[in-house]
Amino acid sequence: MSAFKRFSVAVAVTALIISVVQSGEIPEELKEAGKQAHDICVKKTGAQEEHIANAMKGEFAEDEKFKCYLNCILEQFNLLKEDDTINYEVMEQLAPESMKSNLEQMKKECGQSAGANKCEKAFNLNKCAYKVNPNTYFSL
């Protein structure tokens, strides 16, 4: 994957995690790059497309493969620190100025989501992100 596509997907994933994508169409280049990450993570984890699609409606399946899919998306673009905590510093650097207040809200409400393992942490973070702003949440 080219550096530009990797950066584009990182931006898309950051938006996913902080759930602050502004309403409207997702740019085509982000859709394409996001699809690559999606395909890699579905293949790696075996997550069901239905579970991924249902997350858009706030329905988060209690399924280990789906939870690990969400973690895989984070790992693909180094949005986790070495200790598996969320790297909010990277998110802040990538987020446009118009998204900064939403990121702050998510950091305040979600923080470092707890979980027994990194898959569960990613799952809990996504659930929290949806709760913070369900109208703008999307998943890859």
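Each chain has its residues counted from 1, following the order in which its sequence is written. Side-chain atom pairs in this predicted model are given and counted only at pLDDT of 80 or more, local residue features only at pLDDT of at least 70, and totals for whole chains, interfaces and linings cover all residues. The side-chain values count all of the structure's non-hydrogen atoms but skip hydrogen atoms and water molecules.

Here's the deal with helix α4 (residues 64-76)
Numbered from the N terminus, helices here are DSSP runs of H or I no shorter than four residues, and strands are runs of E no shorter than two. In a helix, the anticipated span is given by 1.5 Å times the number of residues less one. End to end, α4 covers 18 Å across 13 residues, agreeing with the expected 18 Å (1.5 Å per residue, within 8%). Three labels apply to residues, based on accessible area from a 1.4 Å probe with only protein chains included: buried if under 20% of the type maximum, exposed if over 50%, partly exposed otherwise in between. Regarding α4, the residues found buried are Phe-66, Lys-67, Tyr-69, Leu-70, Asn-71, Cys-72, Ile-73, Leu-74 and Gln-76. Of the residues that open α4, the one with a side-chain oxygen 3.1 Å from the backbone nitrogen of Lys-65 is Asp-63. Positioned one or two residues after α4, Asn-78 has a phi angle of 55°, which is positive. By the criterion applied in these results, polar contacts are pairs of N or O atoms within 3.5 Å in which, for protein atoms, one can donate a hydrogen and the other can accept it, and in which residues neighboring in sequence qualify only through two side-chain atoms.

Section: the packing of α4 against helix α7 (residues 118-132)
Axes, fitted as lines to C-alpha atoms, cover a helix only where it is in contact. Angles between the N-to-C directions of the axes lie from 0 to 180 degrees. Between α4 and α7, the shortest axis-to-axis distance is 7 Å and the interhelical angle comes to 85°. One way to sum up the angle between α4 and α7 is to call them roughly perpendicular. Contacts from Glu-64, Phe-66, Lys-67, Cys-68, Leu-70, Asn-71, Leu-74 and Glu-75 of α4 reach α7 at Lys-118, Cys-119, Glu-120, Ala-122, Phe-123 and Asn-126. Considering only residue class, the contact of α4 with α7 consists of seven nonpolar, two polar and five charged. Here the word oblique covers every angle except those under 35 degrees (roughly parallel), over 145 (roughly antiparallel) and from 65 to 115 (roughly perpendicular). Contacts are residue-level and defined by heavy atoms, with any inter-residue pair within 4.5 Å sufficient. Amino acids outside the nonpolar list (Ala, Val, Leu, Ile, Met, Phe, Trp, Tyr, Cys, Pro) and the charged list (Asp, Glu, Lys, Arg) are all regarded as polar, and Gly is one of them.

Some details on the state of the cysteines
Pairs of cysteine sulfur atoms within 2.5 Å are identified as disulfides in what follows. Across all of its chains, the model carries three disulfides by this definition. Across the disulfide from Cys-41 sits Cys-72; the S-S distance is 2.2 Å. Looking down the S-S bond of the Cys-41 and Cys-72 bridge, the torsion is -80°, so its handedness is left-handed. Of this pair, Cys-41 sits in helix α2 (residues 28-45) while Cys-72 sits in helix α4, and the two are 31 residues apart along the sequence. When its relative accessible area of 0% is taken as the criterion, Cys-41 is described as buried. By relative accessible area, Cys-72 is classed as buried at 2%. With a sulfur-sulfur separation of 1.9 Å, Cys-110 is cross-linked through a disulfide to Cys-128. Sign of the S-S torsion, about -95° for the bond between Cys-110 and Cys-128, identifies this disulfide as left-handed. Linking Cys-110 in helix α6 (residues 100-110) with Cys-128 in helix α7, this pair joins segments that are 18 residues apart in sequence. Judged by relative accessible area, which is 9%, Cys-110 ranks as buried.

Regarding α6
Given 3.6 residues per helical turn, the α-helix brings residues three or four places apart onto the same face. Leu-103, Met-106 and Cys-110 are the residues of α6 that are buried. Looking straight down α6, one finds its buried side chains confined to an arc of 60°; they lie on one side. Exposed and facing more than 90 degrees away from the buried side of α6 are Ser-101 and Lys-108. Gly-111 sits one or two residues past α6 and shows a positive phi near 50°. By definition, the arc is the one covered by directions from the helix axis to the C-beta atoms.

Section: the confidence of the model for the chain
Averaged over every residue, the pLDDT of the chain is 77; the share at 70 or more is 69%. Across the chain, the element-wise mean pLDDT spans from 54 in helix α1 (residues 3-18) up to 93 in helix α3 (residues 49-55). In predicted models, pLDDT denotes the confidence assigned by the predictor to each residue on a 0 to 100 scale.

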